[in-house]
Amino acid sequence: MKLIIIGCEYSGTTTLAVAINDWLREQTGTDFRIIHDHWKIPHTSGHLPFDTSHFLNEEEQAEVLALSPKLKEMTQRHSLYYHMPRGHTDANQVLVGYHFDDGIYGAHYFEYGRPTDPEDRRIVGRHVEHGFLAEAPDTVLLLLRADADVIRNRMQEAPHPAGVLQEQDIEFIQGRFEEEFKASLFSRKFVLDTSSATLDETMAEFAEAIQPHLSEVDRSRILAHKALTGGAG
């Protein structure tokens, strides 16, 4: 499975990625191995669930935030291209935010990637997607939605350390994710709303919604795992 999960911060993208990783292991006997979630500055390093030693500490996060817009842009652009597929592979991959996070937050908060800047992220994003369509055409794009008031409550009740989103920008950022989701070149895509659903309920919706987008490799792995486990999963 190749999956890109996007949505306004506090919509539940990282939480859902971890849950989908567990679901994939139960269904296929394989998982994503690591979760790539590097595009909400200053959180630009490390991987859930195993590579947590590379998460940046507060001092290192401050150093990232102190970089000039030019250096932030360059570092993130290199990260985008590094995570593009190179040659067809059956390996599972999940990217949280990816060029959507980079383009939307970079332009609004970090002074790079705007239409008037070098390396306009709307152009870079389409270039990245062309690469995925050429090398990983079975990639699925998932947008998570949540009502603005729900996002606002989550921010107040459990604020993210060094979070990017500012409360006054919630509706704007939500609108930008909707625009970029619609503009995306990916044809395999769907939306889930986490406003009132529990994680278990969202996972049940995911398990149903992903069915028409499963690749032949995914389906083969599911059948093989069921045969191996006597129908479990």
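Preceding block: the structure.
Residues numbered from 1 in each chain as written. Predicted model: local features only at pLDDT ≥ 70, side-chain atom pairs only at ≥ 80, totals over all residues. Heavy atoms only, no water.

Chemist: Describe the overall build of the protein, and please don't skip the residues or the numbers.
Modeler: Within the protein, the secondary structure is distributed over 9 helices and 6 strands. Taken over the C-alpha trace, the protein has a radius of gyration of 18 Å; the compact-globule value for 233 residues is 17 Å, and the two agree within 12%. With respect to the principal axes defined by its C-alpha atoms, the protein has extents near 55 × 40 × 35 Å. Scored against the burial criterion, the 233 residues of the protein give a buried share of 49%. Excluding contacts between residues fewer than 6 apart, the proportion of contacts in the protein whose partners are at least 24 apart in sequence is 73%. (Helix = DSSP H or I, 4+ residues; strand = E, 2+ residues; numbered from the N terminus. Rg over C-alpha atoms; globule rule 2.2 N^0.38 Å. Buried < 20%, exposed > 50% of the residue type's maximum accessible area, 1.4 Å probe, protein only. Contact = heavy atoms within 4.5 Å.)

Chemist: Summarise unusual backbone geometry; cite the residues concerned and give the values.
Modeler: With an omega dihedral of 10°, the bond running from isoleucine 41 to proline 42 counts as a cis peptide bond. Of note, proline 42 is situated in the loop between strand E2 (35–36) and strand E3 (47–48). Cis geometry marks the peptide bond from leucine 48 to proline 49, where omega comes out at -5°. As for its placement among the helices and strands, proline 49 is situated in the loop between E3 and helix H2 (58–65). At glutamate 119, a position not held by glycine, the phi torsion is positive, near 60°. One can find glutamate 119 in the loop between helix H4 (98–109) and helix H5 (121–135).

Chemist: Quick one: what's the story with the side chain of aspartate 117, residue by residue and with numbers?
Modeler: You can see aspartate 117 is positioned in the loop between H4 and H5. At 2.6 Å, the side chain of aspartate 117 and the side chain of arginine 114 are in polar contact. In this structure aspartate 117 touches Glu111 and Tyr112, once residues within four positions along its chain are discounted. (Polar contact = N/O pair within 3.5 Å; in protein donor to acceptor, adjacent residues only side chain to side chain.)

Chemist: Give a description of a negative patch on the surface that names residues and reports values.
Modeler: Residues Asp147, Asp193, Asp200, Glu201, Glu205 and Glu208 make up a contiguous surface patch of negative charge. When residues in the negative patch are grouped by element, the largest group, 4 residues, is from helix H8 (residues 199–209). By secondary structure assignment, the location of glutamate 208 is in helix H8. Under the relative-accessibility criterion, glutamate 208 is labelled exposed at 64%. (Patch = residues over 30% accessible without salt bridge, like charges linked within 9 Å, V, L, I, M, F, W, Y side chains within 5 Å. Areas by Shrake-Rupley, 256 points an atom, 1.4 Å probe, with all protein chains shown as cover. Salt bridge = Lys/Arg side-chain N within 4 Å of Asp/Glu carboxyl O. Lys, Arg positive; Asp, Glu negative; His and termini not counted. Charge placed at Lys NZ, Arg CZ, Asp CG, Glu CD.)

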